[in-house]
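As a plain string of letters, each chain reads:
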Amino acid sequence: MASHLFCGRVNLNILREAARKDLREFLDKCSGSKAIVWDEYLTGPFGLIAQYSLLKEHEVEKMFTLKGGRIPSAAVKNIVFFVRPRLELMDIIAENVASEDKLHPRDFHILFVPRRSLLCEQRLKEKGVLNSFTNIDEYILDLIPYDGDLLSMESESSFRECYLESDQTSLYHAAKGLMTLQALYGTIPQIFGKGECARHVANMMLRMKREFAGSHTQILPVFDTLLLLDRNVDLLTPLATQLTYEGLIDEIFSITNGYVKLPPEKFAQKKQGEGGKDLPTEPKKLQLNSAEELYAEIRDKNFNAVGAALSKKAKVISAAFEERHNAKTVGEIKQFVSQLPHMQAARSSLANHTSIAELIKDITTSEDFFDSLTVEQEFMTGVDTDKVSTYIEDCVAQKDPLIKILRLVCMQSVCNNGLKQKVLDFYKREILQTYGYKHILTLKNLEKVGLLKPQSTMRNNYPTIRKTLKLWMEDTNEQNPNDISYVYSGYAPLSVRLTQVLARPGWRSIEEVLKMLPGPHFEERQQVPTGLHKKRNKPVILVKSA
Amino acid sequence: KESKRAVNSILVDDDDDEEEEDGVERVSWSGEPVGSISWSVKETASSIRSGSEQSFPKIDTTPSLSKQGSGYSLSSLFKGDLYDLSPEETVRRMQKGRAFSLEKFRSLQDKLLLLDEAVAVYDGNLITAVLIYLKKSLSKEILFRELMARDVALRHYVHYLKEMGEQKLLVELMKALGRTEDMALMQYKEHLNIKDEGQRRDFLKSCLGLPFSQDDATHVQDHYTLLERQIIIEADAEIFKKFPRKASILNMPIITTLYYSCFYHYGESEGTYSSPENIRKTFRISEKQYILTALGARAKLKSWFDVDSLFNTKNWLGYTKKRSPIGFHRVVDILQKNSAPVNVLQEYVNLIDSPELKLSVALKYKCHDIVINTYRDLKDRQELVVYREKLERDSPEYRKIQELLNNVQIRWKN
């Protein structure tokens, strides 16, 4: 069982088990030995649901990556494609099918994830290969349990699709995913939302509910409230540099599907007699989730509080190992030995995280990190947001990574509700000259989604929003936090504040501020079979952000 | 290779679980061995739906009369006739993955009803499928006209055309919509797909007349001019074999090109495309940018004399004076990164305006003379004593401090 999924207030393992069951059923449908051809984008999300052993149980003998040409030879009866419904991939599949060895043909099947697509099937038909497929199915993988309190759709491009290309298909998937969630965990009595996309998702959910009017689930609702928030209600938070332990790991090394790849040198095992010449060249891959005790403890701490936590842990572990001296009787020795694996695991975990913390510290103690953070905090508190920032100018001159520059200028724009024309023109020119003219496309896109735009005639509401929702907390306590602002050492994420206020005292109290944020805000109630409605003292709120 | 690793990683995880190589209890999804008692106990315990199985509500592919009431006419189901269904019914069938036929919708009105119904259910796939049918059964003009009044359908159509690579049609659509700037940018974007620099240059030239915004028009013009010149410069370099081929400037940003020019073509007359002066003028590069770039290039080549000339200006009296649009401390940093000798560094440290900054930079880069002079000017005896200890006994700087400390005429403050 996925132990990390039990630790939240909601048992998300149910969701995962349901997903595994569906996967097994499909694999059995394609009876006999099989090879899976993977759309590599899916290997990550799938990894959160099942691993190779499950596939092996259902006669999966080989796995390949989807690419052009011919599928490598393998003595299997079936070839199963696991793909997203994308047209480009259909062309590749058609090529694969066409170049199959006619003398020893294998059966073909497709599993579309998360949904079938008429468009794709038509494409296959055009290429003349649609009839070569025995089974075409869809595997509905919408909300994937990531950790005990986190579900993810792992849909990287949905922001771009919704706000840039006005393609709201991902919202449809989101609504479907939420319907599935309700089928397993009960109808959610209250839906609150803010934003255009949120409104769409809610409308879709209500419509879908009407269509399936016949089936009432007799499940005690696990969730009291559903909160839907558009990403563009809070554009500031993702731009700011994260300062929690997990946040910094992501900033520096990037966490994908619950895994991180780290430089191997720091993790090389020092074996006796070796002069360190056999250093590994492959990056060290670590899985990160709350099933690991130490990680669960420190992941959400502000990085400045991690050192103390690690030393404390080191003492606890040392003391535990020292206990061996106190074990005298056979019974005591036996007990000590039985604890050993757990203690060794804890020590190894400590070693890993100490190394990671050291790697992070190298960055956070650098002058550049400090300067960058200072500028971020100045923007967030409204200092000099109407001028060209000399720090940003210097970074461009040094040709720092473009993403760093863009984050900063967008932050300035968001905190100023758009930049003065002169300032914007200056930044634009610097960026185009230093990083290339093709970035007129980048800049246009940023303007379209509202991240980097010229000042409009409307006044800047950000200071009011900041004051009303207390987004900036001067005396935030990093070591023993009592307020969420500790995660950015002073800045409380806007979306979190909205959720907090919703829970208590309710959004009525911030009507004015809500009007300043983009998109409509709304409230809906859904029918729950009588007798099943229960009010909780600590409501469980499911927050979904597009 | 990346993708191979991704696929292999699924296998690797399995191995890791069994070996537990460095003693870390790897979090594995199958913590319990499959088939064990505890596993099956958990399986049954986690089933909360009384009686029913855990599975996602799947789209039903087998005909069933007991489900969905709305929108279905029983008679048509009994008849099994696909051609008698209303737009709503057809869309329902499409949603359920059942066979359907759009051909029956012949009149414009019917087609539009179908489209509107597809839009109402928000299913992107469905909307696109209907659009494909409309695309082949309606004239371009009528389709465009109707789409203009239907925002959601229009967006899907644009997306579809993009995915299918139907550039021409897309451009026409944008034009019809009056979204001329979008259209221009869309066209321009295609240059990214052209690998050959000559072809890319020609393509950029063809973009010049497009209806960009004023700013973007200038940038595209610059882009074309730049690439055109980069090609010429590269060709010349090839002919004369003067400079190492590894530094190709094709498709590099303008600042990088300027750097290259300051590196290999410094001092050339303004008449040649490759000269820094020419580049500076043609692409309207700011003084600050120019000096920073030239400084970087000349410092790398250790041409301290050239660096010096960059900052020389004549004041109104005709005297040469040193001026810099960037702080001299920045200049010092760049020089130091390129291993400038101390005497060169000192010259620029001396030009730093702010005394505190000057001192801290001098300390950082061990410009002893400047440090000593500053402390002398501040009449700070104690600091001099402390600093002396950092120096070598017999060095000239050490002796200089000694002399100062022995000078009775100086009235020290401490």
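To be clear, the structure that these remarks concern was listed above.
Predicted model only: the values in this text are computed from it and were never measured.

**Student:** Would you explain the overall build of chain A in this entry?
**Tutor:** The helix and strand tally for chain A stands at 21 helices and 14 strands. Over its C-alpha trace chain A gives a radius of gyration of 26 Å, about what one expects of a compact globule, namely 24 Å for 546 residues. Along the first, second and third principal axes, the C-alpha atoms of chain A reach 70 × 70 × 65 Å. In chain A, buried positions account for 55% of the 546 residues. Residue pairs at least 24 apart in sequence account for 76% of intrachain contacts in chain A once pairs closer than 6 positions are excluded.

**Student:** Just checking my understanding: could you explain the sheet that holds strand S1 (residues 34-38) of chain A for this structure?
**Tutor:** Two strands in a sheet stick together by hydrogen bonds in their backbones, pointing the same way (parallel) or opposite ways (antiparallel). Residues and elements named next belong to chain A. Read across the open sheet, the five strands follow the order S2-S1-S3-S4-S5; overall the sheet is parallel. The sheet is open, and its two edges are formed by strand S2 (60-65) and strand S5 (133-138), each paired on a single side. In this sheet, adjacent strand axes meet at a mean angle of 20° when their direction is disregarded. Relative to strand S4 (residues 107-112), strand S3 (residues 78-83) runs parallel, the two being bridged by six bridges. Residue Phe81 lies in a different strand from S4, and its bridge partner there is Ile110.

**Student:** I would appreciate a short explanation of the sheet that holds strand S10 (residues 255-256) of chain A in the present structure.
**Tutor:** Spatial strand order, S10-S11-S12 (chain A): three strands in an open sheet with antiparallel pairing. Both outer strands of the open sheet, S10 and strand S12 (284-287) of chain A, are each paired with one neighbouring strand and no more.

**Student:** I'm lost on a nonpolar patch on the surface in this one. Help?
**Tutor:** A cluster of nonpolar residues, B:Trp316, B:Leu317 and B:Tyr319, forms a patch on the protein surface that exposes about 470 Å² of accessible area. Among the secondary structure elements, B:Trp316 is positioned in the loop between strand S1 (312-314) and strand S2 (320-322).

**Student:** I'm lost on empty space enclosed by the protein in this one. Help?
**Tutor:** Empty space left among the atoms is revealed by rolling a probe the size of a water molecule over them. Residue and element names in this part refer to chain B. Inspection of the entire model under this criterion finds nine cavities of 30 Å³ or more. For the lining of the second largest cavity, the secondary-structure elements that each account for two or more residues are helix H6 (124-137) and helix H8 (151-163). A total of three residues in the lining of the second largest cavity trace back to one element, the largest contributor, which is H8. Its residues assigned to classes, the lining of the second largest cavity comprises three nonpolar, five polar and one charged.

**Student:** Before we go on, may I ask you to explain the side chain of A:Asn289 in this structure?
**Tutor:** All names here are of chain A. Here Asn289 is to be found in the loop between S12 and helix H11 (293-298). Judged by relative accessible area, which is 3%, Asn289 ranks as buried. Polar contacts involving the side chain of Asn289 include one to the main-chain amide nitrogen of Ala291, which spans 3.0 Å.

**Student:** Help me understand the pattern of salt bridges, please; the structure alone is not making it clear to me.
**Tutor:** Residues and elements named next belong to chain A. In the structure shown here, the tally under the stated rule is 47 salt bridges over all chains. The shortest N-O distance in the salt bridge between Asp142 and Arg115 comes to 3.1 Å. One end of the pair, Asp142, is in the loop between S5 and strand S6 (144-147); the other, Arg115, is in the loop between S4 and helix H5 (118-126), and 27 residues separate them in sequence. When sorted by exposure, Asp142 lands in the same class as Arg115, which is buried.

**Student:** How do you make sense of the packing of aromatic side chains when you look at a structure like this?
**Tutor:** Each pair of aromatic rings is reported with the distance of its centres and the angle of its planes. All told, the structure shown has 22 aromatic pairs over all chains when counted by the stated rule. Put simply, the rings of A:Phe26, A:Trp38, A:Phe46, A:Phe82 and A:Tyr139 touch in pairs and so form one group of aromatic residues. Here the basic side chain of A:Arg199 rests over the ring of A:Phe522, its NZ or CZ set 4.1 Å away from the ring centre. Here B:Arg280 stacks its cationic end above the ring of B:Tyr290, 4.1 Å away from the centre of that ring.

Cut-off values and rules
- Residues numbered from 1 in each chain as written.
- Chains lettered and ligands numbered in written order.
- Predicted model: local features only at pLDDT ≥ 70, side-chain atom pairs only at ≥ 80, totals over all residues.
- Heavy atoms only, no water.
- Helix = DSSP H or I, 4+ residues; strand = E, 2+ residues; numbered from the N terminus.
- Rg over C-alpha atoms; globule rule 2.2 N^0.38 Å.
- Buried < 20%, exposed > 50% of the residue type's maximum accessible area, 1.4 Å probe, protein only.
- Contact = heavy atoms within 4.5 Å.
- Pairing = 2+ DSSP bridges.
- Axes fitted to C-alpha atoms, helices over the stretch in contact; angles between N-to-C directions.
- Patch = residues over 30% accessible without salt bridge, like charges linked within 9 Å, V, L, I, M, F, W, Y side chains within 5 Å.
- Areas by Shrake-Rupley, 256 points an atom, 1.4 Å probe, with all protein chains shown as cover.
- Salt bridge = Lys/Arg side-chain N within 4 Å of Asp/Glu carboxyl O.
- 1 Å grid on protein atoms, 1.4 Å probe; cavity = no way out; pocket = protein on both sides within 12 Å on 5 of 7 lines; lining within 4 Å.
- Points joined across faces, edges and corners; volume = space filled by probe spheres on them.
- Nonpolar A, V, L, I, M, F, W, Y, C, P; charged D, E, K, R; others polar.
- Polar contact = N/O pair within 3.5 Å; in protein donor to acceptor, adjacent residues only side chain to side chain.
- Phe/Tyr/Trp six-rings, centres within 6.5 Å; stacked < 30°, edge-to-face > 60°.
- Lys NZ or Arg CZ within 6 Å of the ring centre and 35° of its normal.

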